[in-house]
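One-letter residues, chain by chain:
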Amino acid sequence: MQMTRNTILITGGTSGIGRGLAEAFHRLGNQVIIAGRRQSRIDEITAANPGMIGFQLDVQDAAAIDAFADRVRKKIPELNVLVNNAGISQSESLTSKPDLAVSRDIIETNIMSVLHITAAFLPMLRAKPQATIITTTSGLAFVPRNNFPTYCATKAFLHSWLQSLRVQLRGASVEVLELAPPYVQTELSGPHQLTDPHAMPLPAFITEVMQLLAAADTPDGEILVERVRGERFAERDGDYARRFWLFNGL
Ligand SMILES: NC(=O)c1ccc[n+]([C@@H]2O[C@H](COP(=O)([O-])OP(=O)(O)OC[C@H]3O[C@@H](n4cnc5c(N)ncnc54)[C@H](OP(=O)(O)O)[C@@H]3O)[C@@H](O)[C@H]2O)c1
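Only a predicted model underlies this, so the values are computations on that prediction, with no experimental measurement involved.

Undergrad: For the packing of aromatic side chains, give the residues involved together with the corresponding values.
TA: Throughout the structure, instances matching the rule amount to three aromatic pairs. When the ring of Phe55 is compared with that of Phe68, the centres are 5.3 Å apart and the planes differ by 70°; the resulting orientation is edge-to-face. With Phe55 in strand E3 (residues 53-56) and Phe68 in helix H3 (residues 62-75), the pair connects residues that are 13 residues apart, well separated along the chain. A residue is classified by how much of its surface remains accessible, and Phe68, at 5% relative accessible area, is buried. Each ring, one from Phe68 and one from Phe121, has its centre 6.0 Å from the other, and the planes form 70°; the classification is edge-to-face. Here Phe68, found in helix H3, pairs with Phe121, found in helix H4 (residues 100-126); they are 53 residues apart in sequence, far enough to count as distant. Accessibility classification places Phe68 together with Phe121 in one group, the buried group. By the ring-pair criterion, three or more aromatic residues cluster together here, those being Phe55, Phe68 and Phe121. Above the face of the Phe233 ring, Arg236 is positioned so that its terminal group lies 4.1 Å from the ring centre.

Undergrad: Describe helix H6 (residues 202-214), and please don't skip the residues or the numbers.
TA: Taking 1.5 Å per residue as the helical rise, H6 with its 13 residues ought to reach 18 Å, and the 18 Å between its terminal C-alpha atoms agrees with that figure. Of all the positions in H6, only Leu202, Phe205, Ile206, Glu208, Val209, Met210, Leu212 and Leu213 are classed as buried. Note on H6: the residue one or two positions beyond its end, Ala216, has a positive phi of about 50°.

Undergrad: Explain the pattern of salt bridges residue by residue, including any values.
TA: A side chain with one charge may pair with a side chain of the opposite charge, provided their charged atoms come close. Inspection of the entire model under this criterion finds nine salt bridges. We note a salt bridge from Asp237 to Arg236, for which the minimum N-O separation is 2.9 Å. Its relative accessible area of 47% is what places Asp237 among the partly exposed residues. Salt bridges linked by common partners bring Arg19, Glu23 and Glu44 together as one network.

Undergrad: Tell me about the site of the ligand, and name the residues and values.
TA: Looking at the ligand, there are 30 residues lining it, with Thr14, Ile17, Arg37, Tyr151 and Thr186 nearest. In this structure, Ile17 approaches the ligand through a main-chain N or O atom, which is 2.8 Å from an oxygen atom. Asp58 places a side-chain nitrogen or oxygen 2.9 Å from a nitrogen atom of the ligand. When the ligand is considered free in solution it has 870 Å² of accessible area, and contact with the protein chains removes 95% of it. More than half of the atoms belonging to the ligand lie within 2 Å of the grid points that define the largest pocket. Of all the elements in the fold, those that place two or more residues in the shell around the ligand are helix H1 (16-27) and helix H5 (149-168). Residues that form the shell around the ligand fall into these classes: eleven nonpolar, 14 polar and five charged.

Undergrad: I'd like a rundown of the UniProt feature "domain: Ketoreductase" (unreviewed entry) in the chain, residues and numbers included.
TA: Mapped onto the present numbering, the UniProt feature "domain: Ketoreductase" (unreviewed entry) falls on residues 6-180. In residues 6-180, helix accounts for 47% and strand for 18%; the two terminal C-alpha atoms are 22 Å from one another.

Undergrad: With reference to specific residues and values, describe unusual backbone geometry.
TA: Within the chain, Arg5 stands out as a residue other than glycine whose phi angle is a positive 60°. Position of Arg5 among the secondary structure elements: in the segment before strand E1 (7-11). Within the chain, Ala216 stands out as a residue other than glycine whose phi angle is a positive 50°. Mapped onto the elements of the fold, Ala216 is located in the loop between H6 and strand E7 (222-223).

Undergrad: Help me get a handle on the sheet that holds strand E4 (residues 81-84), residues and values and all.
TA: In space, the seven strands of this open sheet follow the order E3-E2-E1-E4-E5-E6-E7, with parallel pairing throughout. What marks the edges here is a single partner per strand, and that holds for E3 and E7. Relative to strand E6 (residues 174-179), strand E5 (residues 131-136) runs parallel, the two being bridged by six bridges. Bridge pairing links Ile133 to Val176 in E6. The sheet strands contacting helix H2 (residues 39-48) are strand E2 (31-36) and E3, and the helix crosses E3 at an angle near 175°.

Undergrad: How would you summarise the environment of Glu175 if you had to cite specific residues and measurements?
TA: Counting through the fold element by element, Glu175 comes out in strand E6. Look at Glu175 and you get partly exposed, because its relative accessible area is 28%. Residues Glu175 and Thr132, 43 residues apart in the sequence, show an inter-C-alpha distance of 4.6 Å. Apart from the residues lying within four places of it in its own chain, the contact partners of Glu175 are Met1, Ala131, Thr132, Ile133 and Thr218. Engagement of the side chain of Glu175 in a polar contact is seen with the backbone nitrogen of Met1, the distance being 3.3 Å.

How each quantity is defined
- Residues numbered from 1 in each chain as written.
- Predicted model: local features only at pLDDT ≥ 70, side-chain atom pairs only at ≥ 80, totals over all residues.
- Heavy atoms only, no water.
- Phe/Tyr/Trp six-rings, centres within 6.5 Å; stacked < 30°, edge-to-face > 60°.
- Helix = DSSP H or I, 4+ residues; strand = E, 2+ residues; numbered from the N terminus.
- Buried < 20%, exposed > 50% of the residue type's maximum accessible area, 1.4 Å probe, protein only.
- Lys NZ or Arg CZ within 6 Å of the ring centre and 35° of its normal.
- Expected span 1.5 Å × (residues − 1).
- Salt bridge = Lys/Arg side-chain N within 4 Å of Asp/Glu carboxyl O.
- Near = heavy atom within 4 Å.
- Polar contact = N/O pair within 3.5 Å; in protein donor to acceptor, adjacent residues only side chain to side chain.
- Areas by Shrake-Rupley, 256 points an atom, 1.4 Å probe, with all protein chains shown as cover.
- 1 Å grid on protein atoms, 1.4 Å probe; cavity = no way out; pocket = protein on both sides within 12 Å on 5 of 7 lines; lining within 4 Å.
- Sits in = over half its atoms within 2 Å of the grid points.
- Nonpolar A, V, L, I, M, F, W, Y, C, P; charged D, E, K, R; others polar.
- UniProt positions renumbered as here; feature names shortened; annotations may be inferred.
- Pairing = 2+ DSSP bridges.
- Contact = heavy atoms within 4.5 Å.
- Axes fitted to C-alpha atoms, helices over the stretch in contact; angles between N-to-C directions.

Structural data, given as structure tokens:
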């Protein structure tokens, strides 16, 4: 993708990876629009990054997505990059009275919102000479952890779905990229993750992602920092069983 002269919408731009990407693209002079539920975060981030725009959006609210897409079409018709990044994660026990509301919540946020937002913005993106859709999946799409069963499965779903989208858009002006992060220091699973020494520091992750994008080093449309490649290619490299056992304390 081109690294400058873009107008970029980032869902889940109010913290962690989304905020990191938003600020990195903003520093390069792109017009960045962040979306999330927390207005206080939107206010703080847009104040810290003059020129950046923020919209409150709950990606679980289908009507709100349609209204939001309408508004962007009218007010920001130059939009040419969509980053589907909003996501949630929660541990679940599948044996002791599973709470299906939790599973549904994860599926709605991580899968249905991506399908809906992509559908809402695709016509607009297809009309541009150069457009990009980046969707955040996870290394856990490739080697699951049993204590996050629905979360890992949603990311595996997205990996599969993105391959189909990429083929259907072959020959069009829309590039389809998958960003599969390793374990990164964000609030995803709670505040403890921000300082977990086993997680990759967020600034290092964002720097490496931006370098890969700038170098167009995205083979098969995948943005893979060094630290996630072991998981991504575990199956191909005959390392799946070892990693699966390691991840799952077996
Ligand atoms: N950190 C990791 O280790 C890791 C690894 C692999 C993949 N990922 C993926 O990276 C993406 C970003 O996560 P993160 O690690 O940066 O965690 P994070 O700091 O918790 O960020 C999650 C973002 O999603 C937004 N979000 C959640 N539910 C939403 C909803 N219903 N409507 C609108 N926005 C919503 C949150 O904004 P509001 O709360 O303001 O709505 C927040 O900005 C996720 O897709 C996650 O699965 C993270």
